[in-house]
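What the coordinates show
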Amino acid sequence: MNMRILRNFSKIYLKTIIRLLILISLAIFSCNQAKNETSNKISSEKNIDYTKLNFEEVYSIKSTTLIEEWINYAELFSYIEEINSKNYSSIIDNKKYLIRFFNGLKNTIPELINKAEIKSRLTVIETDFLKFESIISNYTIDESEKINLVKKINNSFSNFNFQIDKIIEKQEVNPTQ
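Parameters at a glance
Residues numbered from 1 in each chain as written. Predicted model: local features only at pLDDT ≥ 70, side-chain atom pairs only at ≥ 80, totals over all residues. Heavy atoms only, no water. Helix = DSSP H or I, 4+ residues; strand = E, 2+ residues; numbered from the N terminus. Buried < 20%, exposed > 50% of the residue type's maximum accessible area, 1.4 Å probe, protein only. Phe/Tyr/Trp six-rings, centres within 6.5 Å; stacked < 30°, edge-to-face > 60°. Axes fitted to C-alpha atoms, helices over the stretch in contact; angles between N-to-C directions. Parallel < 35°, antiparallel > 145°, perpendicular 65-115°, else oblique. Left-handed = near helix turned anticlockwise from the far one by under 90°. Contact = heavy atoms within 4.5 Å. Core = buried A, V, L, I, M, F, W, Y, C linked by side-chain atoms within 4.5 Å. Patch = residues over 30% accessible without salt bridge, like charges linked within 9 Å, V, L, I, M, F, W, Y side chains within 5 Å. Areas by Shrake-Rupley, 256 points an atom, 1.4 Å probe, with all protein chains shown as cover. Salt bridge = Lys/Arg side-chain N within 4 Å of Asp/Glu carboxyl O. Nonpolar A, V, L, I, M, F, W, Y, C, P; charged D, E, K, R; others polar.

Digging into the overall build of the protein chain
A count of helical and extended segments in the protein chain gives six helices and zero strands. Its helices and strands taken in sequence order, the protein chain reads α-α-α-α-α-α from the N to the C terminus. In the protein chain, buried positions account for 32% of the 177 residues.

Pasting the structure below:
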């Protein structure tokens, strides 16, 4: 008799465990589905239309809260504004300062965006600036060549800003990365 009660109890216990596992699985599946829907909603709200980007002018960062605290970024932005207004005085014969400035800029990247993609785009901007500095310091070039070099710097800076936005957008959609 005791064995029979024990077997019935075991069957009931197993059925209960199976029911609990099924309920837990359904709950996890529902939560995961809700999370994916939320992620898709956030992603669709912040999508950037790549086809509408025009690199003739500088692409401005949409996520300004992070950048406001990055002092070296503000200085880089002021350099960009200077060369866009055809004021090259801060760049002419200033190679050593530019090298120190870009090293400092790379060393002060905020943790959230301190990624290889950002560092590589900063290196491209640095190369463009150093090339521009070298050409305007050592050669007499016409205005159209200067404008083409400035456009190249603007393009690199726009790509840098765009990459910052994409990294921040990805962090907002998937905060665990």
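Concerning the packing of aromatic side chains
On inspection of all chains with the given rule, the structure shows 13 aromatic pairs. Here the aromatic rings of Tyr 73 and Phe 157 are separated by 5.7 Å at their centres, their planes lie at 25°, and the arrangement is stacked. On the criterion of sequence distance, the pair formed by Tyr 73 in helix H3 (residues 71-84) and Phe 157 in helix H6 (residues 143-173) is long-range, its members being 84 residues apart. Phe 157 shares its class with Tyr 73; the two are buried. The structure contains a cluster of three or more aromatic residues connected by ring pairs, namely Trp 70, Tyr 73, Phe 77, Phe 157 and Phe 160.

Observations regarding the packing of H3 against H6
Between H3 and H6, the shortest axis-to-axis distance is 10 Å and the interhelical angle comes to 150°. Looking at the two axes, H3 sits roughly antiparallel to H6. The way H3 lies across H6 gives a crossing that is left-handed. Across the interface between the two elements, Tyr 73, Leu 76, Phe 77, Ile 80, Ile 83 and Asn 84 from H3 touch Val 150, Ile 153, Asn 154, Phe 157, Phe 160 and Asn 161 from H6.

Concerning the nonpolar core
Trp 70, Leu 76, Ile 113, Phe 129, Phe 132, Phe 160 and Ile 164 are the most contacted members of the largest nonpolar core, which has 34 residues in total. If you list the elements that add at least two residues to this core, you get helix H2 (64-68), H3, helix H4 (95-107), helix H5 (116-138) and H6. Residue contacts for Trp 70: discarding those within four places in its chain leaves Leu 105, Thr 108, Ile 109, Pro 110, Ile 113, Phe 160 and Ile 164.

Observations regarding a nonpolar patch on the surface
A grouping of Ile 18, Leu 20, Ile 22, Leu 23, Ile 24, Leu 26 and Ile 28 is seen on the molecular surface, where their side chains present a nonpolar patch of about 700 Å² in accessible area. With respect to the secondary-structure elements, Ile 22 resides in helix H1 (residues 2-45).

Notes on the packing of H3 against H5
In the contact formed by H3 and H5, the axes pass within 13 Å of each other and the chain directions differ by 40°. As the angle between them shows, H3 and H5 are arranged oblique. Regarding H3 and H5, the two cross each other, and that crossing is left-handed. Across from Leu 76, Tyr 79, Ile 80 and Ile 83 in H3, the residues of H5 making contact are Leu 122, Ile 125, Phe 129 and Phe 132. The class makeup of the residues in the contact of H3 with H5 is eight nonpolar, no polar and no charged.

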